[in-house]
Amino acid sequence: MAIDSLFKDEATEEKGERARMASFIGAMAIADVVKTTLGPKGMDKILQSAGRGHSVTVTNDGATILKSLHIDNPAAKVLVDISKVQDDEVGDGTTSVVVLAGELLREAEKLVSAKIHPMTIISGYRMAAECARDALLKRVMDNKEDAEKFKSDLMKIAMTTLSSKILSQDKEHFAQLSVEAVMRLKGSTNLESIQIIKKPGGSLRDSFLDEGFILDKKIGIGQPKRIENAKILVANTAMDTDKVKIYGARVRVDSMAKVAEIEEAEKEKMREKVKKIIAHGINCFVNRQLIYNFPEELFADSGILAIEHADFDGIERLGLVTGGEIASTFDNPESVKLGHCKLIEEIMIGEDKLIHFSGVEMGQACTIVLRGASFHVLDEAERSLHDALCVLSQTVVDSRVLLGGGWPEMVMAKEVDELARKTPGKKSHAIEAFSRSLQAIPTIIADNAGLDSADLIAQLRAEHHKEGSTAGIDVISGAVGDMEKLGISEAFKVKQAVLLSATEAAEMILRVDEIITCAPRRREDRM
Amino acid sequence: MALAFDEYGRPFIIIKEQEQKTRLRGLDAQKANISAGKAVARILRTSLGPKGMDKILQSADGDVTISNDGATILEQMDVGNQIAKLMVELSRSQDYEIGDGTTGVVVMAGALLEQSEKLLEHGIHPIRIAEGFEMASRIAVENLEHIAHKFEFDATNVEPLVQTCMTTLSSKIVNRCKHSLAEIAVKAVLAVADLERKDVNLDLIKVEGKVGGKLEDTELIYGIVVEKDMSHPQMPKRIENAKIAILTCPFEPPKPKTKHKVDIDTVEKFQTLRQQEQKYFDDMVQKCKDVGSTLVICQWGFDDEANHLLMHRNLPAVRWVGGVELELIAIATGGRIVPRFQELTPEKLGKAGLVREKSFGTTKDRMLYIEQCANSRAVTIFIRGGNKMIIEETKRSLHDALCVARNLIRNNSIVYGGGSAEISCSLAIEAAADGYPGVEQYAIRAFADALDSIPMALAENSGLQPIETLSAVKSQQIKENNPCCGIDCNDVGINDMREQNVFETLIGKQQQILLATQVVKMILKIDDVISPSDY
């Protein structure tokens, strides 16, 4: 007796080999999508959204590409997920992690078809990953003690990260920018205090780091355009009509005269509030919410610069920069901490007027103004810069550094190969496969740069056979070069995260022998 | 045909609208049911044991779950068949009762069904089969008690507990760091356990997960972790010796339940109202300050003004904390949940040694840690991992481990794993079977065969020769009279489970056998399936 309806309609089940195939193919397809973006000579992708406007993004950031894809294959979703996590956690290496996981699965597929059980492959991969990590740990450099060297390390890392992005033309300039910005954070990883303002126009080279703070707002009419030794009150309060917050209150009047009286009282209330604010002895008032014409006029009268509708992040940053507290009540002027800065002035960038706070007390926050030919360029530049900033801020916390240009992969591959030779049993095949997958990364970098990868990798391997080699791929000259001299570095934390997440993801997909898909939810059901 | 005849020989219809119903009767119904049950068991069979495989489950909304936990797989499988649903229920009840062994129970039921199918073909009446199974299960449970070991541990020597939890975890994807996770689970359970009464309230253990980091970073926090941050960005991020006011009332003017209106018709009234309003906020903050609290945790939101006042008076506050978390905080800090400001007194404040905010990665996610609480009976396990699916799976695995540790504290008898308990029961039943006269004897033997299928599946999943291995282990058990011989899944070369430290709880195993037998009995007793036909 056959059972034809174990599952509900449209729910499907795939078993054994077929399930494994489906997940391998899905994962490899995803890896192939982002593969060509790897490395300094990687290509970009155009992403067109399906929504209204068909907005276009040009990017070479793995996480951004994968985030925008609509994927149905469950295994592919696992890969997208790890790239997202990589982005959140360390910021860079989003492409590498997907490519490495893809390569691991590609090798695993070959092993599975050679009749090696997935569990054996997994245990081999695990041993290999452990060994690879130890290999990296042995070769890691830590210059935390030496501030000068550490800074040059940061510079190198920033340049390496940026070299694969759109900013590679001006990578020195941007590396300088991002290192300075991150150094100001003094070890915190809160990137919110680095504000990035994008203004189209000019060229990428015109981008600059501003030590103060730039607020993308206009100064109210009739108010001073330039204030020296400003005392700033940062506030979050309603400056339209103050609502009565007691529940159930309503105004009921019986004559026009009364309406006028109430209105007058309301005005009086606002006037009092403004007076209280002024009583703080300030000459600049920044509010998160709107400031209506009436209070604005009052501020202008007493020569106070009033800035309205600075969004929440702006307010928080301003609080951070100027050292003032964000106030909502104004009854105790003596105890409210005011923010200070040397100079507030209106500046022009391109055609837009912005407010510039310079000479601030606390140097934690800063602003990077990006200039560029179009919004697409600016968006991509922002993403690239974000990557660099993330990596740098993580490196400040964990200062271990590795060389770049395929060097870490070759070091790991060598150690893993040695482990394979020592390991008895079928696991050694898996370990060997792991080493091949590691070598695939420099191969792809070379391929993307249009170089003869087979030749280069062979040379590189020979080079790495020597103890303490620092050889990697020099994409610019197209040959094997000394990474230490070329100043190509990568953060240890990024490489470690790539290695571990990719292995974990590959393991997860390998363990699967069955896919059960529920019937897709019908849209009508929700109505 | 549901046609019957009345006393005059006229036909009448018992079940209406026949064409809309499909109906299976007698042996056909039983066979259909059995094959449905077997199909479910077949899906789970490959997930059994330390080398079991995972399943990808894609939900109706396209979300992906990867799991090898029997209960989770079945729950998300979108099953339509009635008997298959019974099997899902079966694994769920094992999950509720014991927490572990959810896969094993379904595989066991599937094997029993397979055996009963053969017996049905011999023409044995289903009720007789059910009775035979019942007798056999009683023998098995007795035998389990016979071979069970008491197992000694106390608060200082937790290693045996850790070993048992490791057996549970070894079949999950987290087995890479099973030792540390098992340790975490055991410590967590011991922290909340009441060793006198032998009771553990698992609600006191909160399992939180956050994407990022490595599995090795998973930690046990003697306190509470809340996914919230301070209400005002400039409030202090670290408070020592905090006195916590736990409020369920918003920092807003009160909203009386009765309908009312405040009419404003003169300027004076307008002004008094305004002053009143300001006083409200002031009073509320003052009240909290007066009782000496240094941290306010509130279930509701604050008004901007209140927020600033709090910040201004150096009273850090957390808003929008969920009800469950609030309760946990109250338990952990020994405070009382206060519904009104008027009722706030110094005694009702909770105490914690350290409250700190911690940020993660490059995003602005922050978590609030409340540690060194007055009452350390509430703990949090904080899981880190490469991606969302790993974390979800770790949560499920840890839940199993926690349940196992709890069961051991309740009842410290164990049996050995790796299929050894099943083999031993199978031998015992086999030996006892000949003593039963009648048809039941066949059913009892079939039960013994069904028990063999669990070690068989284990061997199969571990890549061993199932029949060879099983018969070798079986003969070894008889020869050495050692009920601890099982399947050597990890290929270490010995199959004495005592040496491999593979344990399972006695009640878990007993429950597995009893539940599986019950469900099979239920399925066997069905001889008529009436279901609405597809339309």
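Within each chain, residue numbers correspond to sequence positions counted from 1 in written order. Each chain gets a letter, beginning with A, and each ligand a number, beginning with 1, in the order they are written. Reporting in this predicted model follows two pLDDT cut-offs: at least 70 for local features of residues, and 80 or more for side-chain atom pairs to be given and counted; totals over whole chains, interfaces and linings ignore these cut-offs and use all residues. Here the side-chain values reflect all heavy atoms present in the structure, with hydrogen atoms and water set aside.

1. Considerations on the sheet that holds strand E20 (residues 413–416) of chain B
Residue and element names in this part refer to chain B. Across the sheet, three strands lie side by side as E6-E20-E21; this open sheet has antiparallel pairing. At either margin of the open sheet sits one strand with a lone partner, and together these are strand E6 (149–150) and strand E21 (503–505). Sheet strands in contact with helix H16 (residues 506–525) are E20 and E21, and its direction is about 65° off that of E21. Two strands pair if DSSP finds at least two bridges between them. The helix count covers DSSP runs of H or I at least four residues long, the strand count covers runs of E at least two residues long, and both are numbered beginning at the N terminus. In what follows, residue pairs with any heavy atoms lying within 4.5 Å of each other are defined as contacts. Only the contacting stretch of a helix is used when fitting its axis, a line to C-alpha atoms as for every element, and angles between N-to-C directions run 0 to 180 degrees.

2. Quick notes on the sheet that holds strand E4 (residues 54–58) of chain B
Sheet architecture is open: four strands sit in the order E1(A)-E20(A)-E4(B)-E5(B), paired in mixed fashion. The strands lining the two open edges of the sheet, one partner per strand, are strand E1 (12–15) of chain A together with strand E5 (64–67) of chain B. For this sheet, the mean angle separating the axes of adjacent strands, direction not counted, is 15°. The pairing of E4(B) with E5(B) spans four bridges and is classified as antiparallel. When the bridges of E5(B) are listed, Ile56(B) appears paired with Ile66(B). Across the face of the sheet, helix H1 (residues 16–35) of chain A comes into contact with E1 and strand E20 (512–517) of chain A while running at roughly 100° to E1(A).

3. Here we look at the pattern of salt bridges
Residue and element names in this part refer to chain A. In what follows, salt bridge is the name for a side-chain nitrogen of Lys or Arg lying within 4 Å of a carboxyl oxygen of Asp or Glu. Using the criterion set out here, one finds 39 salt bridges over all chains in the structure. We note a salt bridge from Lys-35 to Asp-32, for which the minimum N-O separation is 3.9 Å. Here the residue Lys-35 and the residue Asp-32 both occupy positions in helix H1, the gap between them amounting to three residues, near one helical turn. Summary of the burial criterion: residues with accessible area below 20% of their type's maximum are buried, those above 50% are exposed, and those between are partly exposed, where the area comes from a 1.4 Å probe applied to protein chains only. The partly exposed category is assigned to Lys-35, whose relative accessible area is 25%. In this structure Asp-32 comes out as partly exposed when scored by relative accessible area, which is 33%. Between Lys-110 and Glu-107 there is a salt bridge, with the nearest N and O atoms lying 3.6 Å from each other. With a gap of three residues between them, Lys-110 and Glu-107 both fall in helix H4 (residues 94–113), about one helical turn apart. Residue Glu-107 is classed as buried on the basis of its relative accessible area, which comes to 7%. Overlapping salt bridges bring together Asp-32, Lys-35, Glu-103 and Arg-106 as one network.

4. Considering the side chain of Gln115(B)
Tracing the backbone shows Gln115(B) in helix H4 (residues 102–121). With residues near it in sequence (within four places) discarded, Gln115(B) still touches Ala446(B), Asp449(B) and Ala450(B).

5. A look at helix H6 (residues 159–169) of chain B
Residues lying three or four places apart along an α-helix face the same way, a consequence of the helix completing one turn every 3.6 residues. Residues and elements named next belong to chain B. Here H6 lies mainly inside the structure; ten of its eleven residues are buried. Buried within H6 are the following residues: Pro-160, Leu-161, Val-162, Gln-163, Thr-164, Cys-165, Met-166, Thr-167, Thr-168 and Leu-169. Here the buried face of H6 lies against helix H7 (178–192), helix H11 (388–410) and E21.

6. Section: unusual backbone geometry
Residues and elements named next belong to chain B. Phi at Asn-241 is positive, roughly 45°, even though this residue is not glycine. Structurally, Asn-241 is set in strand E12 (residues 238–247). With a phi close to 55°, Trp-320 is a non-glycine residue in the positive phi region. Assignment of secondary structure puts Trp-320 in the loop between strand E15 (317–318) and helix H10 (323–333).

7. A closer look at the packing of aromatic side chains
For any two aromatic rings, the description comes down to two numbers: the centre-to-centre distance and the angle of the planes. Residues and elements named next belong to chain B. Aromatic rings from Phe, Tyr and Trp, with only the six-membered ring used for Trp, were paired whenever their centres fell within 6.5 Å, and each pair was classed as stacked if the ring planes differed by under 30 degrees, edge-to-face if by over 60, and tilted otherwise. This structure, assessed with the given rule, holds four aromatic pairs over all chains. Geometrically, the ring pair formed by Trp-300 and Trp-320 is edge-to-face, given 6.3 Å between the ring centres and 75° between the ring planes. Residue Trp-300 is located in the loop between strand E14 (295–298) and helix H9 (304–312), and its partner Trp-320 is located in the loop between E15 and H10; the two are separated by 20 residues in the primary sequence. Over a ring means this: the NZ of a Lys or the CZ of an Arg is within 6 Å of the ring centre and within 35 degrees of the ring normal. Here the basic side chain of Arg-356 rests over the ring of Tyr-369, its NZ or CZ set 4.6 Å away from the ring centre.

8. What about the UniProt feature "coiled-coil region" (unreviewed entry) in chain A?
UniProt positions are given in the numbering used here, feature names are shortened, and annotations may be inferred rather than shown by experiment. Mapped onto this structure's residue numbering, the UniProt feature "coiled-coil region" (unreviewed entry) falls at residues 253–280 of chain A. Between the C-alpha atoms that bound residues 253–280 of chain A the distance is 36 Å, and the span itself is 82% helix and 0% strand.

9. Thoughts on empty space enclosed by the protein
Only protein atoms enter the 1 Å grid used here. Points where a 1.4 Å probe fits but cannot escape make up a cavity, open sets with protein on both sides within 12 Å along at least five of seven lines make up a pocket, and a residue lines them when an atom lies within 4 Å of a point. Grid points are joined across faces, edges and corners, and a volume is the space filled by probe spheres set on the points. The tally for this structure, following the rule as stated, stands at two cavities of 30 Å³ or more. Estimates place the volume of the largest cavity at around 90 Å³. Every residue lining the largest cavity is counted, 13 residues in all, and those nearest its centre are Asp100(B), Gly101(B), Glu504(B), Thr505(B) and Gly508(B). Sorting the residues of the lining of the largest cavity by element identifies H6, E21 and H16 of chain B as the ones contributing at least two each. Classifying every residue of the lining of the largest cavity gives three nonpolar, seven polar and three charged. Computed from the structure, the second largest cavity encloses a volume of approximately 40 Å³. If you go around the second largest cavity, the residues you meet are Leu100(A), Glu409(A), Met412(A), Leu438(A), Ile441(A), Lys495(A), Val498(A) and Leu499(A). Top contributing element to the lining of the second largest cavity by residue count: helix H16 (residues 492–510) of chain A, with three residues. Note on residue categories: nonpolar means Ala, Val, Leu, Ile, Met, Phe, Trp, Tyr, Cys or Pro, charged means Asp, Glu, Lys or Arg, and polar means any other residue, Gly included. When the residues that make up the lining of the second largest cavity are grouped by side-chain class, the tally is six nonpolar, no polar and two charged.

10. A short note on the layout of surface pockets
All names here are of chain A. Of the voids in this model, the second largest pocket is the one considered here, and its volume is about 980 Å³. As for the second largest pocket, its lining consists of 45 residues, and the residues nearest its centre are Gly-39, Pro-40, Thr-160, Ser-163 and Ser-164. Breaking the lining of the second largest pocket down by element, the ones donating at least two residues are H4, helix H6 (147–163), helix H13 (427–448), strand E17 (471–474), strand E19 (489–491) and H16. Looking at the lining of the second largest pocket element by element, the count peaks at five residues for H6.

11. Quick word on the environment of Lys178(B)
Residues and elements named next belong to chain B. Inspection of the secondary structure assignment puts Lys-178 in helix H7. On the accessibility criterion, Lys-178 (23% relative accessible area) is partly exposed. Sequence separation of Lys-178 and Ile-423 is 245 residues, and the distance between their C-alpha atoms is 27 Å.

12. Let's talk about helix H12 (residues 407–422) of chain A
Each helix should span, by expectation, one fewer than its residue count multiplied by 1.5 Å. The first and last C-alpha atoms of H12(A) sit 23 Å apart over 16 residues, in line with the 22 Å expected at 1.5 Å per residue. Looking at H12(A), one finds that the buried residues are Trp407(A), Pro408(A), Glu409(A), Met410(A), Val411(A), Met412(A), Ala413(A), Val416(A), Leu419(A) and Ala420(A).

13. Re the confidence of the model for chain B
Scored by pLDDT, chain B has a mean of 81; 93% of the residues are at 70 or more. ipTM for the predicted complex: 0.71, alongside a pTM of 0.78. Scored from 0 to 100, pLDDT reflects the predictor's confidence in each residue.

14. Overview of the environment of Asp203(B)
All names here are of chain B. Tracing the backbone shows Asp-203 in the loop between strand E8 (199–200) and strand E9 (205–211). Overall, the relative accessible area of 62% leaves Asp-203 in the exposed class. A sequence separation of 86 residues divides Asp-203 from Glu-117, and the C-alpha atoms of the two residues are 42 Å apart.

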